[in-house]
Amino acid sequence: MNLLLLELADFVSESTARISGRRHRQLLDVIRATPGKECRAGLLNGKTGTAKISVITPEMTELSVTLSGEPPPKLSVTLIAALPRPKTFLKVLHTATVMGVERMIFLECWKVDKSYWSTPLIEPGSIREHLLLALEQAGDTVLPRVEFRRRFKPFVEDELPGIAAGTLALAGHPTATESMPHHLSGKITLLVGPEGGFTDYEIGLLEQNGVRPVSFGRRIMRTEFAVTALLARME
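Calculation criteria
Residues numbered from 1 in each chain as written. Predicted model: local features only at pLDDT ≥ 70, side-chain atom pairs only at ≥ 80, totals over all residues. Heavy atoms only, no water. Pairing = 2+ DSSP bridges. Helix = DSSP H or I, 4+ residues; strand = E, 2+ residues; numbered from the N terminus. Axes fitted to C-alpha atoms, helices over the stretch in contact; angles between N-to-C directions. Contact = heavy atoms within 4.5 Å. Buried < 20%, exposed > 50% of the residue type's maximum accessible area, 1.4 Å probe, protein only. 1 Å grid on protein atoms, 1.4 Å probe; cavity = no way out; pocket = protein on both sides within 12 Å on 5 of 7 lines; lining within 4 Å. Points joined across faces, edges and corners; volume = space filled by probe spheres on them. Nonpolar A, V, L, I, M, F, W, Y, C, P; charged D, E, K, R; others polar.

Trainee: So what about the sheet that holds strand E4 (residues 48-56)? Which residues, and what values?
Mentor: Strand order in the open sheet formed by 5 strands is E1-E3-E4-E5-E2, with mixed pairing between adjacent strands. The sheet terminates laterally at strand E1 (4-6) and strand E2 (16-19), the two strands that pair on one side only. Averaged over all pairs of adjacent strands, the angle between their axes in this sheet comes to 40°, without regard to strand direction. Bridge count for E4 against strand E5 (residues 61-69) is 8 bridges, and the pairing is antiparallel. Within E5, the residue paired with Lys52 across the bridge is Ser64. Across the sheet, helix H1 (residues 21-30) is in contact with E1, E2, E4 and E5; its angle to E1 comes to roughly 150°.

What follows is the structure in structure tokens.
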């Protein structure tokens, strides 16, 4: 936990917060914090600063909080990914959040197993829990938007042009002839298909709607590695 992430409900006064549960146990059992110890802190979707422990008991921690800094800037990236298998989904969610992605959309594609949509890991409560852990890791406070779309063609034809408007729209695709550019800046819409790539129909539809297929070469990467490698090209 590189940042103690607080919520408005934790505050008992303007500058005093009281926590229990996982965050309290982290301070008590892992960090072995004692009264007077300071740590980095931030308000969810708000400012960052410090929190000084006033009282710590087996049940709760009370902190004196000072928040005046800004969270790290986000990448101006909308990540659109074919919904991967559940455990990989969590890795992509964590990686994209840590790297500062503003918005994620997980999409139905031909090669997406229908069973992936029934996992409890994509339920709002699970997603929020994993997003908070990723924000704590990154020292960030601002939750990214996470959305899902079940119909590929209507999404690409009706929504994607508006999402991608004014951005550089790229699709990672292993058989693309164009190489992935280096040191990308500005607003980016980044699409990542299933591990076997988009189908010919899907990549053709994306191209018709203004998306450029790009590749790292002939090697096929796992989804979580492809997302990391692609995002690493962003400045």
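Moving on from the coordinates now.
Trainee: Now, about the sheet that holds strand E9 (residues 168-172): what can you tell me, with residues and values included?
Mentor: An order of E8-E7-E6-E10-E9-E11 is seen for the 6 strands of this open sheet, with the pairing classed as parallel. Since the sheet does not close on itself, it has two edges, and those belong to strand E8 (145-149) and strand E11 (212-214), each with one partner. Across the sheet, the mean angle from the axis of one strand to that of its neighbour is 20°, orientation sign disregarded. In the packing of helix H4 (residues 152-164) onto the sheet, the strands contacted are strand E6 (75-82), strand E7 (101-107), E8, E9 and strand E10 (188-192), and the crossing angle to E7 comes to about 165°.

Trainee: Could you give an account of the pairing of E9, with specific residues and numbers?
Mentor: Where burial is concerned, most of E9 is hidden: 4 out of the 5 residues are buried. By the bridge criterion, 5 bridges tie E9 to E10 in an arrangement that is parallel. Following the sheet pairing, Gly172 is matched in E10 by Val192. Of the strand pairs in this sheet, E9 and E11 are connected by 3 bridges, and their pairing is parallel. Pairing of Gly172 across the sheet is with Val214, part of E11.

Trainee: Help me get a handle on empty space enclosed by the protein, residues and values and all.
Mentor: Under the definition given, this model contains 2 cavities of 30 Å³ or more. The calculated volume of the largest cavity comes to roughly 220 Å³. Looking at the largest cavity, it is lined by 18 residues, and the ones nearest its centre are Gly172, His173, Pro174, Met221 and Ala226. Of all the elements, helix H6 (residues 223-231) adds the most residues to the lining of the largest cavity, at 3 residues. When grouped by side-chain class, the residues that make up the lining of the largest cavity number 9 nonpolar, 7 polar and 2 charged.

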